[in-house]
Amino acid sequence: MPAFLDCLCPAVFEKEEFEALKAYAAGQENKDGVKKDVADVVNRYGCFGMPWIVLHLPDGRDECFFGSDRMNNIAF
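Residues numbered from 1 in each chain as written. Predicted model: local features only at pLDDT ≥ 70, side-chain atom pairs only at ≥ 80, totals over all residues. Heavy atoms only, no water.

A.B. asks: Even after reading the chapter, I still don't get the overall build of the protein, so can you show me in this structure?
C.D. replies: Scanning the protein from N- to C-terminus turns up four helices and two strands. Listing the helices and strands of the protein from first to last along the sequence gives α-α-α-β-β-α. For the protein, the C-alpha radius of gyration of 17 Å lies well beyond 11 Å, the compact-globule estimate for 76 residues. Overall size of the protein, expressed as C-alpha extent along the three principal axes, is 45 × 30 × 20 Å. In the protein, 2% of the contacts between residues at least 6 apart in sequence involve partners at least 24 apart. Within the structure as shown, the protein displays about 6100 Å² of accessible surface, and the carbon and sulfur contribution to it stands at 60%. (Helix = DSSP H or I, 4+ residues; strand = E, 2+ residues; numbered from the N terminus. Rg over C-alpha atoms; globule rule 2.2 N^0.38 Å. Contact = heavy atoms within 4.5 Å. Areas by Shrake-Rupley, 256 points an atom, 1.4 Å probe, with all protein chains shown as cover.)

As structure tokens, then:
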């Protein structure tokens, strides 16, 4: 876990809560969950990189965007 995250502790989380979150993030249960979620996105939407953003539109369609430079398209 990057050391710079520790600077978030006083501003966002109590120290004990932050330590618990870091432990959970490094745990095998979380790692397995991330692997499962990524496999699901690859299988369902053909995801090929990150960030992969899926919009669930009111008409029931899903629209996918790749890359953080697509925020203007997403906002539109």
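Read on for the rest.
A.B. asks: Where do I start with the pairing of strand β2 (residues 62-66) in this structure?
C.D. replies: Put simply, side chains in a regular strand alternate between the two faces of the sheet. Where strand β1 (residues 52-56) lies against β2, five bridges are found, and the strand directions are antiparallel. For Leu55, the partnering residue across the bridge sits in β2 and is Glu63. (Pairing = 2+ DSSP bridges.)

A.B. asks: Would you take a moment to explain the environment of Met50 for this structure?
C.D. replies: Along the chain, the position of Met50 falls in the loop between α3 (28-45) and β1. Taking C-alpha positions, Met50 is 9.6 Å from Phe65, a pair spaced 15 residues apart along the chain. Setting aside residues no more than four positions away along its own chain, Met50 makes contact with Val38 and Phe66.

A.B. asks: Looking at this model, I keep getting lost on the pattern of salt bridges. Mind explaining?
C.D. replies: A complete count under the given rule lists five salt bridges for this structure. Across the pair Asp40 and Lys36 runs a salt bridge, and its minimum N-O distance is 2.8 Å. With Asp40 and Lys36 both in helix α3 and four residues apart, this pair spans about one turn of that helix. Sharing partners across several salt bridges, the network here consists of Lys15, Glu19 and Lys22. (Salt bridge = Lys/Arg side-chain N within 4 Å of Asp/Glu carboxyl O.)

A.B. asks: So what exactly am I meant to see when it comes to the packing of aromatic side chains here?
C.D. replies: Each aromatic ring pair is summarised here by two numbers: the centre-to-centre distance and the angle between the ring planes. The final tally for this structure, using the stated rule, is three aromatic pairs. Measuring from ring centre to ring centre gives 5.1 Å for Phe48 and Trp52, while their planes differ by 75 degrees; the resulting arrangement is edge-to-face. On the accessibility criterion, Phe48 (62% relative accessible area) is exposed. For Trp52, a relative accessible area of 16% translates into the label buried. With 6.4 Å between their ring centres and 45 degrees between their planes, Trp52 and Phe66 make a pair best called tilted. With Trp52 in strand β1 and Phe66 in strand β2, this pair connects stretches of sequence that are 14 residues apart. By relative accessible area, Phe66 is classed as partly exposed at 34%. Cluster of aromatic residues (ring-pair linked, three or more members): Phe48, Trp52 and Phe66. (Phe/Tyr/Trp six-rings, centres within 6.5 Å; stacked < 30°, edge-to-face > 60°. Buried < 20%, exposed > 50% of the residue type's maximum accessible area, 1.4 Å probe, protein only.)

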